[in-house]
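Chain and residue survey
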Amino acid sequence: MNPRYRPLAATTLIFIVAYALCIMQYPSMWSTRVLGNFLTDNAFLGIAAVGATFVIISGGIDLSVGAVVGLAGVLSAVLITKLGLHPLLAFAIVLFVASAFGAGMGAAIHFLRVPPFIVTLAGMFMARGVASILTQDSIPIDHEFYRTISSLYYLLPGGGRLSVIGLLMLLVFLVGGVIAHKTRFGSYVYALGGNPTSAALMGVPVGFTTIAIYALGSFLGGLAGIVYSLYTSSGYPLAAVGMELDAIAAVVIGGTLLTGGYGFIFGTLIGVMLQGLVQTYIVFDGTLSSWWTKIAIGLLLFMFILLQKLVFSAQGRRTRLQKVPA
Amino acid sequence: MATAEDVVLEARGITKIFGNHTALKGVDISFRRGEVHALLGENGAGKSTLIKILTGAYTPDGGTIELEGQPVSFTTPQQAQALGIGTVYQEVNLLPNMTVSDNLFIGRQPSAFGMVNRSATDAMARTVLAQYGLDIDVRAELSTYSVAIQQIVAIARAVELSGKVLILDEPTASLDRHEVEKLFEIIRTLKARGLAIVFITHFLDQVFELSDRVTVLRNGFRVGSEPVSALDRTGLVRMMLGKDLVHHNNGPVDGEPDGGDVLMSVRQLGLTGSVLPLDLEIRKGEVVGVAGLLGSGRTEMARLMFGIDVADNGALHIDGESRVVRSAREAVSLGFGFCPEDRKADGIFGDLSVRENIVIAMQARLGWFRALNRDEQLEIAGNFIEALDIRTASAELPVKLLSGGNQQKVILARWLATDPRFLILDEPTRGIDVGAHAEIVRMISRLREDGLALVVISSELDEIVSYSSRVVVMRDRALVAELRGADITPSRIVQAIAGQGVENVA
Amino acid sequence: AGLTVGFSQIGSESGWRAAETSVTKQEAEKRGITLKFADAQQKQENQIKAIRGFIAQGVNAILVAPVVATGWEQVLGEAKDAKIPVILLDRGIDASKDLYLTSVASDQVKEGSVAGDWLVKTVGDKPCRVVELQGTVGSTPAINRKKGFEEAIAGHKNISIARSQTGDFTRSKGKEVMEGFLKAENGGKNICAMYAHNDDMAVGAIQAIKDAGLKPGKDILVVSIDAVPDIFQAMAAGEANATVELTPNMAGPAFDALDAYLKSGKQPEKFIITQSKLYTPADDPKGEYERRKGLGY
Amino acid sequence: MKRLQLTEIVRPQLLALACILLLNWFVFPGFFTITWQDGRLFGSLIDVINRGAPVAILAIGMTAIIATRGVDLSVGAVMAVAGAVAATAAVAGQPLVVTLIAALLVGLLCGLWNGSLVAFLGMQPFVATLVLMVAGRGVAQLITEGSIVTFSDPALIFVGTGSLLGLPMPAVIALALMLAAHLVMRRTAMGLFVEAIGTNRSAASYTGLRTRTVILTLYAFGGLCAALAGVIAAADIRGADANNAGLWLELDAILAVVIGGTSLLGGRFSIPMSVLGAVIIQAMNTGILVSGLPPEFNLIVKASVIILILVMQSDRIGEIVARRFARLKLRGKT
Ligand SMILES: Nc1ncnc2c1ncn2[C@@H]1O[C@H](COP(=O)(O)OP(=O)(O)OP(=O)(O)O)[C@@H](O)[C@H]1O
Ligand SMILES: Nc1ncnc2c1ncn2[C@@H]1O[C@H](COP(=O)(O)OP(=O)(O)OP(=O)(O)O)[C@@H](O)[C@H]1O
Ligand SMILES: [Mg+2]
Ligand SMILES: [Mg+2]
């Protein structure tokens, strides 16, 4: 196996072991129902995290995704419920708005050379602000199309449900993986994360790529918002508050380096699943108070990162040794 | 001989202003088909800046550029690439996190339906590198390879891109003789193919060996362009410096070797996977030159001595004590100094001023509490700026704005300020112009006379010969030979590197 | 009777919420119910995950304190399919009524109007400029309590809302916002009353009023909602004038209804509305403080 | 001594602050009115420095951390923990000294934890401190059991609401801390070391700097500052609100540092400028409060102001202007 993939394999292994431990304690966690829920319940997080992965691989960060998810949900609800548009048309508008929003942030990052942290922080305020001007209350979406989509699922043996949004998330991961690892654009993203100056000198279209990355991130944020609105049949301006940190944590747990230039889309899927596992475990346990829940989540996050660190440093030593001619 | 009709790339009146410093002042230059054009000048003369303007990395503040008679104005390097101008910029500007083949072909990977064909890319990469005699895993990340290999990759990449013009900004700085030969061969083939080749270097031998025409810049002005046949060495140096170079050809270092007291002795020092255990004795008032091919482990040996890597075998004996140096900090407190080979990554603090860059090691040694005040700092920095002739507008200029050679001098000044007794210089003259080169060589000798012990790693044999009291040779991560006195000649060193004879190290 | 009940709580954003959690735990313990507790950290998706987790574990019933009114059809439908009764706590939802057994909640609009009515009665026909400290922008209680209050004062031209800003339901924001109001309203001289969407903000605002050299409760009337212990302390000191109770004991009635339903299949009332009782300094604030102190506020 | 140039005095930050204050004055004419009342100054401007103090204190600790290319996301949570500790100690009847020492010690420990993860385990600061950001608030809630622990120790309350020479205590503390931190950074070599590490960590260790110790110290100091801010926040409302104390303030603190001109990519920093950044943010917040704008618009106003400030201080724009200028000069010469 190519040593590049080791941390990825290790993360996957950590997930499998952790899941096995959970099942040992709560055997009912091994059911298609729980597995199906993993996909459905984390669909929007997963989709947004794919976008976050691109952004982080390019050496940036996007704090606005949670707010974009909220805005996209509210916008969908306004367009469908208040203006009576067909959901598909509404989706197209939402995705366009989200992408344009992201492109704007990318342009600010590139042309004004303001750090992404700050630009996307302003973006977060902006998206949340626009959402709460559109509506303060949550708007229910009652449309035939929504009912159909949300009730569409493939019933797994054992009562589990493979929902449309769960499958959509997997599809996004697949497409995201192809874009990141198999296209020129993908290699530009890694190039930017490696060293933007070199990338520019090597002829990578830095401006276009930066704008495209943030547009993609917000596009997926918008898609995640739509999925969220499907998931809850409503749009709510306070939806997904703080989700950007979950997405970033998923990306990092998945082995992507926050410093940019290294990471895998598939790792993020594992990161999302690990987070889902933690949540599910805490629900199954059912004895943790609010505060112990937070402490547990923090400690588990710490453990995963520590484990990964160990794998990585073992990896580092390996490549060092490899340089020595036999 | 090429004629005026053969002009491929022509620039007129190029001006570039950085803040209140004008780096280029109305420079005219033209490059012709089938010609190797050497661009020369002191450190900071504006060579790299000119290249960056010609290739769209910088926008000029004045002047025009024509490619094959058509006016062009590049705003990104990409546009220049697309029109057949391939460039290797001065610092290796590649992507360490990506594979070798990505680095060679990024943006041009063969693809179908938008998908990159990886195996085809890799195969192409292997073929390309084979021309340079390099057989490496092209799917490994670039950062796993040495600077030399990275340099070759950068060159290969530029050559692939250059349909009309190939620009090489100090490509040979981190290559050894053998690799330089390979590169020259390739350049000659390209020249025969009708490319215009621009070549920046500080090695005058290479200029005479390879180039057809020479343009010299000084202080942002063009001094002149001449066919190389019309020039001799002295004339060229005079064009560059605006004066003659005072020659101190020390020849072999006089004074008896093994003269001074032993400052330090290295016993079986080694690190598994890095350097095989080695013995070495270093005396006061002595320069130990270290020769060897790229990757022979010279840098690694220096890192061990300085505590950047911690030895897992053997120890240093210093002041009668045996000790393993566990950190650079310990080494500094023992009175060691170390100018690393990768200036950009390990040497300079780019955003900090020249003053701060000079005093930092001294301050680190004093500790955070006993701060040098600003006036003291300025005095120290001023002294060294003068003593080493560091060309900078002021001591407060961020050091990243200095030319490479001047940055090197700043790092040297940093260590001299700590009043060290033992100094390790790893490739101190890499990328340094002839004038500064001579100065640094002179300085090494002066430091030796002042009683310092020095270990100098260099790939330039003439240079090593000129200042070393002793030369040790490394090969395959082991110390294989030690030459003294009359044995210190380039040819003996080459023999030792190649592994013939002179095995007087047990 | 050996029941296992899952409880999906919103989080622990306020003292009131903590009290609700601890009362729920106490009530469950009293009845010998095993309570599976899940804190959703303010996120609806976590609540949905928790409910799905409860279903997967096969609990006997589920309590939910929904973070928002919409978006529950699907997951509650799944609970229904699994034949697990669901009881809503402290606020209702926009979903078909057959998806849950009952909803034990206060009427948040009424809370606001009780507060408003008190103010109308207290000021009579004197002109009164009111400043309002809203809850978190977009949160259901903030919207409803604002609505109720506005309805109550609607017919009274002498009472107007001069300024309204969000204090995020927190004490420190309540204080900061009130400071701003005081400056903007002529050092507070133009303000006759302060209405806060919860007691925490009111407690913060009271401090701001005192710092400005005015007497809360006299110079500026203070009315708020929740009836947490600290507001009674302020009331006892004459610094607060009225609060509307929101009982943290939603679980008691919920468990009773559940018990009856499981034992005898008796369908409880669909909406069990808890009382929105008004407390004023006449209602033994010291005693109320003591009674509430140990409830985990 | 260095001669100050006009461009160095008229920093974009000061310009931004002036703009915001002017705007505030525009929406609320009494904005600059300051009166003397009950032995203290009273007015919107005083509110700005008083309310801005906690973020300013966080920013003081955060500046040097950011200068080493780090970041501390946990400061908000540490505020909550320290506040909880202080309140619990005060309720238990401890004297102010004990209360303060306990709270600051806890903050120091949190900082050391973060610092060790970053300096010794080599974790990326963002995730290393994310751990404490999540878990820390849990710890704070564990201490207070989710309720607001109210105290009435006048000495502790004085820290949050008292005044010295007419100025609010929090502002006095922030100012004193800023001066102390600035002096430590600039009168000793600490500032140089921090900037060296932030500019090029590898070169710093080649130079013989104790990079890890320095980094550890900075995070510890950051924790200490956060604890101090937490004590002030708790003293201000006479209670520890573990659920909300310092919530999202880490973002404000980082914003303050960036507005103050310290790059998130490390290197040069200035603590007083970060404090100025905090004041700018608070001036904006106070302006929103007195403007009477409906709260739905708060975030949009905030976002717009941030964008405006960033555009104003973007060096890219400065560069473009400078280049135009240089070209003009060039043309003038020829
Ligand atoms: N980005 C920049 N900003 C300000 N000054 C710069 C910048 N880049 C280069 N300079 C200055 O412009 C001058 C020319 O630099 P340049 O790098 O072109 O020199 P060079 O001839 O390539 O030198 P060397 O032989 O050392 O590589 C130098 O004085 C340098 O300090
Ligand atoms: N031609 C090569 N093929 C494979 N690996 C190489 C080659 N040249 C160098 N390396 C590797 O690069 C690494 C770095 O070598 P290092 O720089 O320490 O050598 P050095 O003797 O100091 O040479 P120099 O300082 O001249 O670059 C070594 O681990 C070496 O194995
Ligand atoms: Mg150059
Ligand atoms: Mg080397």
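Conventions used here
Residues numbered from 1 in each chain as written. Chains lettered and ligands numbered in written order. Predicted model: local features only at pLDDT ≥ 70, side-chain atom pairs only at ≥ 80, totals over all residues. Heavy atoms only, no water. UniProt positions renumbered as here; feature names shortened; annotations may be inferred. Donors = N, O, S within 2.8 Å, 3.2 Å for Na, K, Ca; no water. Helix = DSSP H or I, 4+ residues; strand = E, 2+ residues; numbered from the N terminus. Buried < 20%, exposed > 50% of the residue type's maximum accessible area, 1.4 Å probe, protein only. Near = heavy atom within 4 Å. Polar contact = N/O pair within 3.5 Å; in protein donor to acceptor, adjacent residues only side chain to side chain. Areas by Shrake-Rupley, 256 points an atom, 1.4 Å probe, with all protein chains shown as cover. Nonpolar A, V, L, I, M, F, W, Y, C, P; charged D, E, K, R; others polar. Core = buried A, V, L, I, M, F, W, Y, C linked by side-chain atoms within 4.5 Å. Domains from an automatic or database assignment. Contact = heavy atoms within 4.5 Å. Buried area = accessible area lost by both parts, 1.4 Å probe. Salt bridge = Lys/Arg side-chain N within 4 Å of Asp/Glu carboxyl O. Pairing = 2+ DSSP bridges. Axes fitted to C-alpha atoms, helices over the stretch in contact; angles between N-to-C directions.

Under the annotation held in an unreviewed UniProt entry, chain A carries the name Sugar ABC transporter permease YjfF and is attributed to Rhizobium straminoryzae. Within the UniProt record for chain A, the comment given under Subcellular location (unreviewed entry) is "Cell membrane".

Things to note about the coordination of the magnesium ion (ligand 4)
Residues and elements named next belong to chain B. Every protein donor of the magnesium ion (ligand 4) is accounted for by T299 (OG1), E341 (OE) and E341 (OE), and the metal-donor separations fall at 1.7 to 2.6 Å. Taken together, the residues span a long stretch of sequence, with T299 in helix α9 (residues 298–306) and E341 in the loop between β18 (336–339) and α11 (343–347) at a distance of 42 residues. By relative accessible area, which is 24% here, E341 ends up partly exposed.

Focus on the site of ligand 1
Residue and element names in this part refer to chain B. Around ligand 1, the structure places 20 residues, and the nearest of them are N43, K47, S48, T49 and L401. Between an oxygen atom of ligand 1 and a main-chain N or O atom of G46, the distance comes to 2.9 Å. For ligand 1, whose free accessible area comes to 640 Å², the fraction covered by protein is 83%. Every element with two or more residues in the shell around ligand 1 is listed here: β2 (21–32), α1 (47–54) and α14 (404–416). Considering only residue class, the shell around ligand 1 consists of six nonpolar, 11 polar and three charged.

Details of the nonpolar core
Judged by nonpolar contacts, the single largest core of 400 residues is most densely connected at M305, I358, F422, V473 and I493 of chain B. With 14 residues, helix α11 (residues 211–237) of chain D is the single largest residue contributor to this core. Residue contributions to this core reach at least three from each of two domains, namely domain 1 (4–97 + 141–231) and domain 2 (262–335 + 420–498) of chain B. Formed by 32 residues, the second largest nonpolar core is a distinct cluster that contains A142, M194, M201 and A227 of chain C.

Here we look at the interface of chain A and chain D
Each side of the interface is counted separately: chain A has 43 residues, and chain D has 42 residues. Roughly 3800 Å² of surface becomes buried between chain A and chain D when both sides are summed, with 81% attributable to carbon and sulfur atoms. Counting the contacts that link chain A with chain D gives four residue pairs in polar contact (both at pLDDT 80 or more). Taken together, the elements giving at least two residues each to the side of chain A that touches chain D come down to α5 (87–112), α6 (116–134), α12 (243–253) and α14 (290–323) of chain A. Class assignment of the residues belonging to the side of chain A that touches chain D gives a composition of 30 nonpolar, nine polar and four charged.

Some remarks on the UniProt feature "transmembrane region" (unreviewed entry) in chain A
Within the UniProt annotation, "transmembrane region" (unreviewed entry) is assigned to residues 6–26, 38–57, 88–111, 154–180, 200–228, 248–271 and 291–312 of chain A. Counting secondary structure, residues 88–111 of chain A comes out at 100% helix and 0% strand; the distance between its end C-alpha atoms is 34 Å.

Observations regarding the interface of chain C and chain A
Each side of the interface is counted separately: chain C has 37 residues, and chain A has 39 residues. Of the roughly 3100 Å² buried between chain C and chain A, counting both surfaces, carbon and sulfur atoms make up 50%. At the boundary of chain C and chain A, one finds four salt bridges. The closest approach of N and O atoms between E78 of chain C and R161 of chain A, which form a salt bridge, is 3.5 Å. Seen at the junction of chain C and chain A, the total is 17 residue pairs in polar contact (both at pLDDT 80 or more). For the side of chain C that touches chain A, the secondary-structure elements that each account for two or more residues are β2 (34–39), α2 (44–57), α3 (73–81) and α5 (140–153) of chain C. At 12 residues, the largest contribution of residues to the side of chain C that touches chain A is made by α2 of chain C. The residue makeup of the side of chain C that touches chain A, split by class, is 12 nonpolar, 14 polar and 11 charged.

Notes on the coordination of the magnesium ion (ligand 3)
Within the protein, the atoms that donate to the magnesium ion (ligand 3) are S48 of chain B (OG) and Q90 of chain B (OE1), at distances of 1.9 to 2.0 Å. Of this pair, S48 of chain B sits in helix α1 while Q90 of chain B sits in the loop between β6 (85–88) and α3 (100–105), and the two are 42 residues apart along the sequence.

Structural notes on the sheet that holds strand β12 (residues 221–227) of chain B
Residues and elements named next belong to chain B. Strand order in the open sheet made by the six strands is β6-β9-β10-β3-β11-β12, with mixed pairing throughout. At either margin of the open sheet sits one strand with a lone partner, and together these are β6 and β12. Each strand of the sheet is rotated relative to its neighbour by a mean of 15°, with strand direction disregarded. Both strand β9 (residues 165–169) and strand β10 (residues 196–200) contribute to a ladder of five bridges, which runs parallel. From the neighbouring strand, V165 faces β10, where its bridge partner is A196. Running at roughly 150° to β10, helix α6 (residues 177–192) makes contact with β3 (35–41), β9 and β10 of the sheet.

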